[in-house]
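# Notes for the structure review
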Amino acid sequence: MSSENDVAVNLQSARRQWLAQSAAWGAAFLAAQKLSGGAERAKQTPQRQPVRRKSSSRRYEMKKSINLWAFPYPGQWTLKECFELAKDAGFDGVEINLDLKGEFSAESTDEDIRQVGRLAEKTGIGISGVCSFLFWPYPLTANNPAQRKKGIELAIRMVEATALVGSKDLLVVPGAVYASWVENFDPVPIDLCDKRAREAVRTLLPKAEESGVFLNIENIFVNGFLFSPQEMNEFVDSFHSKYVRIHFDTGNIMEYQFPEHWIPILGKRIQNTHLKEWDKRTHEFNLHTFRTLLDGTTNWPAVIEALDKVGYRGYLTFEYFHPFSHYPEALIYQTSDALDWMLGRKS
């Protein structure tokens, strides 16, 4: 009986040893086959090119900014939330708009306005400039003297607010022959428009020079005034002051002209810049026809290169008047990403 047991034990031991060796040999064989097959496949399969191509062939040293009109402010978000989101999205600055009422407005105290500047500083984002829609209901060239007077008063407060908030750039609309988007706008003869616009800028200039604030004249085009870069240059140069410069807007001239043609002529007079997208296939021009960046026919590589060639290193501010109804954050991040592509920040 003992002998039979010994034989059974020996058989079991041998069987276990054979199974262990088989398993080890099988694993090694499969591994070898896998490696061999992988090597063969690597030889047969061509190397894939990266799906994502590079952005601009070079990096441009301009700063990214966005106007506050692109945010659902003040209806849904606070100013603090707007600044924080812009910072998180990668913007260097935010352009803010002075209104009749609100926390940054004509009724704000000096301390209220300083507080806005401190909030931006605490968030770590710059104020790229001050803008205002008030130039339209209160044009500096209006036929109504009371309307003109109110416009001058508001513009002087804009100069003060720009300095108080810690910026040096104020966008100025010097006048308008006509503004189709303003209800009951009274057309102004072009010679009177030019005369009144020059008078208005001369009135604002002492306060601007005292405050260290640039009066940056914006090209509007659809206001019937300053139709060409040559006219813009003559207007700006006529004041013989370094504090009268140009706020160049790419989209405002897109219906009939091209921003890359204006920039070399305006040259170093450009102090600040708006980027607005437009599509020449759209046979309509109003505030509702501007598009998100890159979704149009603007030749952005040519525009950025032209700005670089004239030595522009300031803010590029995306101006858009319609915050997204749903997921408004998407517009902010989408715009920042588009600017990264345009400025060569994508690798």
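Residues numbered from 1 in each chain as written. Predicted model: local features only at pLDDT ≥ 70, side-chain atom pairs only at ≥ 80, totals over all residues. Heavy atoms only, no water.

Here we come to the packing of aromatic side chains. The full count for this structure, using the stated rule, is 13 aromatic pairs. Ring centres of F225 and F235 lie 5.8 Å apart, and the angle between their planes is 85°; on these two criteria the pair is classed as edge-to-face. Here F225, found in the loop between β5 (214-218) and α6 (229-237), pairs with F235, found in helix α6; they are ten residues apart in sequence, far enough to count as distant. Comparing F225 with F235, the two get one shared label, buried. A centroid spacing of 5.3 Å and a plane angle of 75° characterise the contact between F235 and F239, whose relative ring orientation is edge-to-face. With respect to burial, F235 and F239 carry one shared label: buried. One aromatic cluster is present, formed by W69, F133, F290 and F321 through successive ring pairs. The ring centre of F91 lies 5.6 Å from the NZ or CZ of K64, which sits over that ring. (Phe/Tyr/Trp six-rings, centres within 6.5 Å; stacked < 30°, edge-to-face > 60°. Helix = DSSP H or I, 4+ residues; strand = E, 2+ residues; numbered from the N terminus. Buried < 20%, exposed > 50% of the residue type's maximum accessible area, 1.4 Å probe, protein only. Lys NZ or Arg CZ within 6 Å of the ring centre and 35° of its normal.)

This part covers the environment of R58. For R58, the position within the fold is in the loop between α1 (2-44) and β1 (63-67). Taking the C-alpha atoms as reference points, R58 and M342, separated by 284 residues in sequence, lie 9.7 Å from one another. Discounting chain neighbours no more than four positions away, the residues touching R58 are E305, D308, L343 and G344. Separated by 3.1 Å, the side chains of R58 and D308 make a polar contact. (Contact = heavy atoms within 4.5 Å. Polar contact = N/O pair within 3.5 Å; in protein donor to acceptor, adjacent residues only side chain to side chain.)

A cis amide bond links Y73 with the next residue in sequence, P74, at an omega value of 5°. Positionally, P74 belongs in the loop between β1 and α2 (79-89). In this structure, N184 is a non-glycine residue whose phi angle is positive, near 60°. Turning to its location among the elements, N184 is positioned in the loop between β4 (169-172) and α5 (190-211). Under the relative-accessibility criterion, N184 is labelled exposed at 73%. With a phi angle near 50°, Y327 is a residue other than glycine that sits in the positive phi range. Position of Y327 relative to the elements: it lies in the loop between β8 (315-318) and α9 (329-342). The exposure class assigned to Y327 is exposed, which follows from its relative accessible area of 67%.

A word on α6. Because an α-helix packs 3.6 residues into every turn, residues spaced three or four apart end up facing the same way. Buried within α6 we find P229, M232, N233, F235 and V236. Here the buried residues of α6 occupy an arc of 165° about the axis, which is enough to place them on one side. Next to the buried residues of α6 lie α5, β5, β6 (244-249) and α7 (259-266). (Arc of directions from axis to C-beta.)

Turning our attention to the side chain of D249. Structurally, D249 can be placed in strand β6. In this structure the side chain of D249 is engaged in a polar contact, spanning 3.4 Å, whose partner is the side chain of H274. For D249, the contacting residues outside a window of four places in its chain are E218, N219, H274, K276 and E319.

What follows is about the nonpolar core. Residues I66, F71, F83, I96, F104, L215 and I217 are the most contacted members of the largest nonpolar core, which totals 93 residues. Per-element tally for this core: the top contributor is α5, with seven residues. The residues contacting I96, other than those within four sequence positions of it, are L68, F83, F104, V116, I127, G129, V130, C131 and V165. (Core = buried A, V, L, I, M, F, W, Y, C linked by side-chain atoms within 4.5 Å.)

So, on to the packing of α7 against helix α8 (residues 300-309). In a packed pair of helices, the relevant descriptors are the angle between the two axes and the axis-to-axis distance. Remark: α7 packs on α8, axes separated minimally by 9 Å, with the N-to-C direction vectors making an angle of 5°. It follows that α7 is roughly parallel to α8 by the angle criterion. Contact residues: P259, E260 and I263 in α7; A302, V303, A306 and L307 in α8. Residue composition of the contact of α7 with α8, grouped by class: six nonpolar, no polar and one charged. (Axes fitted to C-alpha atoms, helices over the stretch in contact; angles between N-to-C directions. Parallel < 35°, antiparallel > 145°, perpendicular 65-115°, else oblique. Nonpolar A, V, L, I, M, F, W, Y, C, P; charged D, E, K, R; others polar.)

Contact geometry of α2 with α9 gives a least axis separation of 9 Å together with a crossing angle of 35°. The crossing of α2 and α9 is right-handed. Contact with α2, carried on its side by L85, A86, D88 and A89, involves E329, I332, Y333 and S336 of α9 and no other residues of that element. Across the contact of α2 with α9, the residue classes break down as five nonpolar, one polar and two charged. (Left-handed = near helix turned anticlockwise from the far one by under 90°.)

Tracing the backbone shows A302 in helix α8. Sequence spacing of A302 and P259 is 43 residues, and the spatial spacing of their C-alpha atoms is 8.9 Å.

A word on the side chain of S241. Note that S241 resides in the loop between α6 and β6. Note on S241: relative accessible area 14%, which makes it buried. At 2.8 Å, the side chain of S241 forms a polar contact with the side chain of E209. If sequence neighbours within four positions are ignored, S241 has contacts with L205 and E209.

The next thing to look at is helix α4 (residues 145-164). Over its 20 residues, α4 runs 29 Å from end to end, which matches the ideal 28 Å to within 8%, given 1.5 Å per residue. G151, I152, L154, A155, R157, M158, V159, A161 and T162 are the residues of α4 that are buried. Tucked inside the fold, the buried residues of α4 contact α3 (110-123), β3 (126-131), β4, α5 and β5. Here α4 starts with a cap whose side-chain oxygen sits 2.9 Å from the backbone nitrogen of A146, and that cap is N144. Backbone geometry just downstream of α4 places G166 in the positive-phi region, at approximately 95°. (Expected span 1.5 Å × (residues − 1).)

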